[in-house]
Amino acid sequence: MRYGKHIVLALVLVALAGYYYYFDVVKREQQEQAEEKAKKVFSLDAGAVDELALARPKDTEISLIKEGDKNWSIKTPVQDKADAMEAEELIGRLRELSRVKTIAEEPEDLKPFGLDHPELEVRFHTAAGWKSLLVGSKSPVGSEFYAKVSDQPLVFLISSADRHVLDKKLFDVRDKQLFRCETEQVDGIDFQRGDFQADLTRNDSGVWTAAGQEGVRISKKKLEGVIRDFCWSRVREFVQEDDKGLDQFGLDSPSARITLNNSEGSKTLLLGKNKSKDSVYAKMEGRPGVVVMDARLLDTIPASFSTIEDRTLVSFDKDSVTEVSWTRGEPSFVLAKRP
């Protein structure tokens, strides 16, 4: 009898624990999730966005369009490739954007919030049409900013962090990677610096050779360091969109040039005068416009074969070595790798 009573008590305790867990944990989490969802400004499928636009008073509108699954292009105020990561970050922030606090449900006047002439407007397009977020002035209390959806009367606050991410400038959304490549994909490199010029190719075994320099062994590590620097180099500044007055930038007679070749083709970067001690004017051959790059790239281009020459006495694949022997005086030693 006592054993059966203990079983009943245990079942009651389990039921009570389950009851409290459901209402104190599960229901609370569901309520919190519902509250967070209710604060979301947009119900947005990030993958459905195919156009973006950012407008500011007295500035030319920045508009971007999606091409394919991952690529973005800028339509205005220039026509160029866009930085896909920046575009996706903007969409992601719109999707997660939440109201910090509701200020007014149906205000008669938007001027007190700076929303009669918004400081920033962010628009996005999906198959359902265009949606727009208006961002006004900063709240006099705290660090938040007034905002509203263009076709809704509600005025609310968004965080300064959200406003900062949404407030992307033209430089932010432009593609700043001139050589979009991976080091191991490059199978040819030509460069010229001053009077020195070289044409190098990589064979199927990964060995680099220089045309007309059969006696020179090229260091794979050193050369791939050069390639890596250019594959990952970034534009510091976009100076102009055309090729007018290239002489003032030293690009009519470049001080150095480098071409990277891979299966998709080749790209050539021209380097001109220094803008400052740590920056240099540059442009891509066959593409209008002048940019500013890191001046360190000039020193990255070899000025002689000695810079990239393999100076090791013996060149071999260390993993293929199965036996090592040496003699010092009379004793001889042999080390063999076990199978």
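Because the structure is a prediction, the values reported are computed rather than measured.

(A) Here's a closer look at the sheet that holds strand β12 (residues 208-210). Read across the open sheet, the eight strands follow the order β12-β11-β10-β14-β15-β16-β17-β13; overall the sheet is antiparallel. In this open sheet, the two strands that pair with only one neighbour each are β12 and β13 (237-240). For this sheet, the mean inter-axis angle between neighbouring strands, taken without regard to orientation, is 25°.

(B) Region of the structure containing helix α2 (residues 84-96). Compared with the 18 Å implied by 1.5 Å per residue over 13 residues, the 18 Å span of α2 between its first and last C-alpha is a close match. Elements that come into contact with the buried residues of α2 comprise β1 (51-55), β3 (71-76), β6 (120-126), β7 (129-138) and α3 (160-166). Capping of α2 at its N-terminal end is provided by Asp83; its side-chain oxygen lies 3.0 Å from the backbone amide nitrogen of Met85.

(C) Seen up close, the pairing of strand β10 (residues 188-193). Where β10 and strand β11 (residues 196-202) come together, six bridges link them in antiparallel fashion. Its bridge partner lying in β11, Ile189 is registered against Leu200. Between β10 and β11, which pair antiparallel one after the other, the connecting turn spans two residues, and Gly194 there sits at a positive phi close to 65°. Where β10 and strand β14 (residues 256-262) come together, six bridges link them in antiparallel fashion.

(D) Here's a closer look at unusual backbone geometry. With an omega of 5°, the peptide bond running from Thr76 to Pro77 counts as cis. Following the sequence through the fold, Pro77 ends up in the loop between β3 and β4 (80-81). Phi at Lys58 takes a positive value of approximately 70°, unusual for a residue other than glycine. In this fold, Lys58 is placed in the loop between β1 and β2 (62-67). For Lys58, a relative accessible area of 91% corresponds to the exposed category.

(E) Structural context of the side chain of Lys148. Considering the arrangement of structural elements, one finds Lys148 in strand β8 (residues 145-149). In this structure Lys148 is buried but unpaired, with Asp151 as the nearest side chain of opposite charge at 6.9 Å. A distance of 3.4 Å separates a polar atom in the side chain of Lys148 from the backbone oxygen of Ser150. Apart from residues no more than four positions distant in its own chain, Lys148 is found in contact with Leu110, Leu115, Ser132, Leu133, Leu134, Pro153, Leu154, Val155 and Phe156.

(F) Local environment of the confidence of the model for the protein chain. Put simply, the protein chain has an average pLDDT of 89, and 87% of its residues get 70 or more. When pLDDT is averaged over each helix and strand of the protein chain, the minimum, 62, is found for helix α1 (residues 2-39) and the maximum, 98, for β1.

(G) Structural view of the state of the cysteines. Taken as a whole and assessed by the stated rule, the structure comprises one disulfide. The disulfide that involves Cys181 links it to Cys231, with 2.2 Å between the sulfurs. Between Cys181 and Cys231, the S-S dihedral sits near -110°, and the bridge is therefore left-handed. Of this pair, Cys181 sits in the loop between α4 (170-173) and β10 while Cys231 sits in helix α5 (residues 220-231), and the two are 50 residues apart along the sequence. For the residue pair Cys181 and Cys231, the accessibility class agrees, reading buried in each case.

The rules behind the values
- Residues numbered from 1 in each chain as written.
- Predicted model: local features only at pLDDT ≥ 70, side-chain atom pairs only at ≥ 80, totals over all residues.
- Heavy atoms only, no water.
- Pairing = 2+ DSSP bridges.
- Helix = DSSP H or I, 4+ residues; strand = E, 2+ residues; numbered from the N terminus.
- Axes fitted to C-alpha atoms, helices over the stretch in contact; angles between N-to-C directions.
- Expected span 1.5 Å × (residues − 1).
- Contact = heavy atoms within 4.5 Å.
- Polar contact = N/O pair within 3.5 Å; in protein donor to acceptor, adjacent residues only side chain to side chain.
- Buried < 20%, exposed > 50% of the residue type's maximum accessible area, 1.4 Å probe, protein only.
- Lys, Arg positive; Asp, Glu negative; His and termini not counted.
- Salt bridge = Lys/Arg side-chain N within 4 Å of Asp/Glu carboxyl O.
- pLDDT = per-residue confidence, 0-100.
- Disulfide = S-S within 2.5 Å.

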